Amino acid sequence: EPEVTQTPSHQVTQMGQEVILRCVPISNHLYFYWYRQILGQKVEFLVSFYNNEISEKSEIFDDQFSVERPDGSNFTLKIRSTKLEDSAMYFCASSVTSGADTQYFGPGTRLTVL
Amino acid sequence: SQELEQSPQSLIVQEGKNLTINCTSSKTLYGLYWYKQKYGEGLIFLMMLQKGGEEKSHEKITAKLDEKKQQSSLHITASQPSHAGIYLCGAAGSRGSTLGRLYFGRGTQLTVWP
């Protein structure tokens, strides 16, 4: 069964460093998302992406964040200068369409900022 | 924004017992999703409900969306240790939303002891 994959599973970085989190969405899906979950808190929406453009972003997704689909399979989240409060589990998701379509989530990347 | 309250926060049941988890929304629900998460892992899609009064079942798990579309329940019959995990409800932002952003509740931690 097709699934969303994410790499790495765990990333440790120093504050101020740039990190890139990678995702491979399900192949026939057209909509891509990033969410994050700080330990003990709700899963929070960051951004949605369609047709090589950001469709929607939350207030969390500030200028430090960017997303890209560099080729036909990968979808990346870049954090330019990490802060301690960026430590969280980051989930990628994808769906065939948007709106009320089911989003399938990857296993997540645990980001630890020291 | 959409606020989702889940109850209870945690549930400990003996294997074989039935249980119910509730999800109440601050607004009318247009697309209610149930996911299961094991600690530190990704979200596994369980079911999606859209219509008031809708009920769906998969194996021993049944989810319902009430007529007024502001509350959903997830019922597990004859619980097993494999049902243990965190159950999350998620909702689309608004009617006819084409953007796909999901809002999540805090989750219900289910423990099933043998």
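Going by the structure above, here's the rest.
The structure presented is a predicted model; accordingly, all values stated were derived computationally and were not measured.

Here the focus is the overall build of chain B. Helix and strand counts for chain B stand at 0 helices and 11 strands. Its C-alpha atoms give chain B a radius of gyration of 14 Å, near enough to 13 Å, the size a compact globule of 114 residues would have. Its C-alpha atoms give chain B principal-axis dimensions of about 45 × 30 × 20 Å. Residues counted as buried form 46% of the 114 residues belonging to chain B. The contacts of chain B with a sequence gap of at least 6 include a subset with a gap of at least 24, amounting to 55%. With the model as given, the accessible surface of chain B reaches about 5700 Å², and the carbon-plus-sulfur share is 48%. Side-chain charges of chain B comprise 13 positive and 9 negative groups, with the mean position of each set lying 3 Å from the other.

The number of helices and strands found in chain A is 0 helices and 11 strands. When the elements of chain A are put in sequence order from the N terminus, they spell out β-β-β-β-β-β-β-β-β-β-β. For 114 residues, the compact-globule estimate of 2.2 N^0.38 gives 13 Å, and chain A sits close to it at 13 Å. When the backbone C-alpha atoms are referred to their principal axes, chain A occupies close to 35 × 30 × 30 Å. Sorting the 114 residues of chain A into buried and exposed places 46% on the buried side. In the form shown here, chain A has an accessible surface area of approximately 5500 Å², with 46% of it arising from carbon and sulfur atoms. With 9 positive and 14 negative side-chain charges, chain A shows a spacing of 4 Å between the two charge centroids.

Following the criterion strictly, the structure yields 16 aromatic pairs over all chains and no others. Aromatic side chains Y33 of chain A and Y35 of chain A sit 6.4 Å apart centroid to centroid with 40 degrees between the ring planes, which places their arrangement in the tilted category. Note on Y35 of chain A: relative accessible area 0%, which makes it buried. Ring centres of F91 of chain A and F105 of chain A lie 6.4 Å apart, and the angle between their planes is 75 degrees; on these two criteria the pair is classed as edge-to-face. A residue pair is termed long-range when its members are at least 10 positions apart, and F91 of chain A in strand β9 (residues 88-95) and F105 of chain A in strand β10 (residues 104-105) qualify at 14 residues. The class of F91 of chain A is buried, set by a relative accessible area of 0%. Among the aromatic residues, ring-to-ring pairing joins Y33, Y35, F45, F91, Y104 and F105 of chain A together with Y33, Y35, F45 and F104 of chain B into one connected group.

Turning to the state of the cysteines, a few remarks are in order. Residue and element names in this part refer to chain B. Enumeration over the complete set of coordinates arrives at 2 disulfides over all chains. Put simply, C23 and C89 are joined by a disulfide, and their sulfur atoms are 2.1 Å apart. Looking down the S-S bond of the C23 and C89 bridge, the torsion is 75 degrees, so its handedness is right-handed. Of this pair, C23 sits in strand β3 (residues 19-25) while C89 sits in strand β9 (residues 85-92), and the two are 66 residues apart along the sequence. Residue classification places C89 among the buried positions, given a relative accessible area of 0%.

Quick notes on the rules
- Residues numbered from 1 in each chain as written.
- Chains lettered and ligands numbered in written order.
- Predicted model: local features only at pLDDT ≥ 70, side-chain atom pairs only at ≥ 80, totals over all residues.
- Heavy atoms only, no water.
- Helix = DSSP H or I, 4+ residues; strand = E, 2+ residues; numbered from the N terminus.
- Rg over C-alpha atoms; globule rule 2.2 N^0.38 Å.
- Buried < 20%, exposed > 50% of the residue type's maximum accessible area, 1.4 Å probe, protein only.
- Contact = heavy atoms within 4.5 Å.
- Areas by Shrake-Rupley, 256 points an atom, 1.4 Å probe, with all protein chains shown as cover.
- Lys, Arg positive; Asp, Glu negative; His and termini not counted.
- Charge placed at Lys NZ, Arg CZ, Asp CG, Glu CD.
- Phe/Tyr/Trp six-rings, centres within 6.5 Å; stacked < 30°, edge-to-face > 60°.
- Disulfide = S-S within 2.5 Å.

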